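Results of the structural survey
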Amino acid sequence: DIVRSALVSITHETVILHRALGDLCLRGWSSAGTPIFRTMLDLTVSMLAIGHSSCSPIAAFRYSHACYRSETRRDDKPKESRAGARDFLMARISMLPQEFQSAAKEVLNEKDGAYWFQPEFKRPTEIVEKFGNDQFQWLYKTFSSAAHGGFFGLRYFRDDPFGLNINPRLPMGRAAAKLMLHSSRLLVDIVMLRDSYERLGYKEKESLILSYFDKVTLPTG
C-alpha cells in the first residue's frame with residue numbers, strides 16, 4: 001500500500017522533528033526550533049496533498065520517488081547511475097497494483113518542479129488555502145519567513161525578540177512552551193490525518209486528546 005507507506009514516512013519524520021524541537025526548547029534554544037516547526041508544517045502539506053489528491057496512490061508515488069526521477073536526468077551523474085535510478089523506479093512501479101502502473105510511468109515523464117506535488121497542485125499555499133483550517137493557514141504564513149531566515153520568523157518564539165544574546169534561555173520560558181504546545185498539536189493533527197486513511201481508531205478519541213490542550217497552563221516567565 002504505497003499510500004500507507006507515504007503516510008507512515010511522513011508521520012515518522014514528524015515525530016523525529018517534534019522530539020528534536022522539544023529537546024531544543026528544553027535546552028534553551030527555542031528560536032532555533034522555529035525552522036524545524038516550519039518543516040513540520042511542510043510535512044503536513046505533503047500529507048494533505050496525498051490525502052486530497054485525485055489519485056492518492058499516484059500522489060504517494062510522486063512523493064516517494066520524485067528525487068529518483070530527478071536522478072535519471074542529471075547530466076553530471078554517470079550513465080550507469082542514471083540507469084540504476086531508472087531501473088529502481090521501474091521495479092517500484094511493478095510493485096504497484098496493475099491499475100496504477102500506467103499512470104506511474106507517466107509520472108516519470110513529467111517535468112521536475114520546485115515541489116513534488118506538481119503538476120496537480122502548483123504551490124504549497126494552494127494546498128494550505130484549499131485544505132487547511134484557519135489556524136493552519138495562519139501558522140504556515142507566519143513561519144514561511146523562518147524557513148528563509150526572516151527577521152520576524154526566527155524571533156517569534158524568543159522571549160525577548162529584540163534582545164541580542166547568544167546564550168541559551170534557561171529556564172525555559174513562555175515562548176518556548178508555546179512552541180512545544182504548537183508542535184504537539186500539529187503532531188496530533190498529522191496522526192488524525194493519517195487515521196482518516198488507515199482507520200487506526202484515533203478519530204474516536206480526538207475530542208478527548210484535544211481537550212488536554214485546553215488544560216495546559218503556560219509558564220509566566
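The text that follows walks through the structure, step by step, so that each part is easy to find. If you're wondering where the values come from, they're calculated on a predicted model, not measured in any experiment. (Residues numbered from 1 in each chain as written. Predicted model: local features only at pLDDT ≥ 70, side-chain atom pairs only at ≥ 80, totals over all residues. Heavy atoms only, no water.)

1. Topic: helix H7 (residues 134-147)
The end-to-end C-alpha distance of H7, which contains 14 residues, comes to 20 Å, matching closely the 20 Å that a straight helix rising 1.5 Å per residue would cover. Among the residues of H7, those classed as buried are Phe-136, Leu-139, Tyr-140, Thr-142, Phe-143, Ser-144 and Ala-146. The N-terminus of H7 is capped by Asn-133, whose side-chain oxygen sits 3.3 Å from the backbone nitrogen of Gln-135. Once H7 finishes, Gly-149 follows within two positions and takes phi at roughly 75°, a positive value. (Helix = DSSP H or I, 4+ residues; strand = E, 2+ residues; numbered from the N terminus. Expected span 1.5 Å × (residues − 1). Buried < 20%, exposed > 50% of the residue type's maximum accessible area, 1.4 Å probe, protein only. Polar contact = N/O pair within 3.5 Å; in protein donor to acceptor, adjacent residues only side chain to side chain.)

2. A word on the pattern of salt bridges
Counting across every chain of the model gives 14 salt bridges. For Glu-71, the salt bridge goes to Arg-74, with nearest N and O atoms at 3.9 Å. You can call Arg-74 partly exposed: its relative accessible area is 34%. It is possible to trace a salt-bridge network through shared partners that takes in Arg-62, Arg-69, Arg-73, Glu-110 and Asp-112. (Salt bridge = Lys/Arg side-chain N within 4 Å of Asp/Glu carboxyl O.)

3. Remarks on helix H9 (residues 174-198)
An ideal rise of 1.5 Å per residue puts 36 Å on 25 residues; H9 measures up with 36 Å between its terminal C-alpha atoms. Where H9 terminates, the next one or two residues include Arg-199, which has phi positive at roughly 55°.

4. Observations concerning the packing of H9 against helix H10 (residues 206-214)
Running from N to C, H9 and H10 point in directions that differ by 175°, and their axes come no closer than 11 Å. By the angle between their directions, the pair H9 and H10 is classed as roughly antiparallel. Here Leu-181, Ser-184, Arg-185, Val-188 and Met-192 of H9 lie close against H10, whose contacting residues are Glu-206, Ile-209, Leu-210 and Phe-213. When grouped by side-chain class, the residues that make up the contact of H9 with H10 number six nonpolar, one polar and two charged. (Axes fitted to C-alpha atoms, helices over the stretch in contact; angles between N-to-C directions. Parallel < 35°, antiparallel > 145°, perpendicular 65-115°, else oblique. Contact = heavy atoms within 4.5 Å. Nonpolar A, V, L, I, M, F, W, Y, C, P; charged D, E, K, R; others polar.)

5. A short note on unusual backbone geometry
Excluding glycine, most residues fall at negative phi; most peptide bonds, likewise, are trans. Residue Pro-119 follows Gln-118 across a cis peptide bond; omega there is 10°. Among the structural elements, Pro-119 can be located in the loop between helix H5 (98-107) and helix H6 (124-131). Put simply, Leu-170 and Pro-171 share a cis peptide bond, and its omega is 0°. Summarising the element assignment, Pro-171 is placed in the loop between helix H8 (151-155) and H9. A positive phi angle, close to 55°, is found at Arg-199, a residue other than glycine.

Read these as spatial facts, not as claims about activity.
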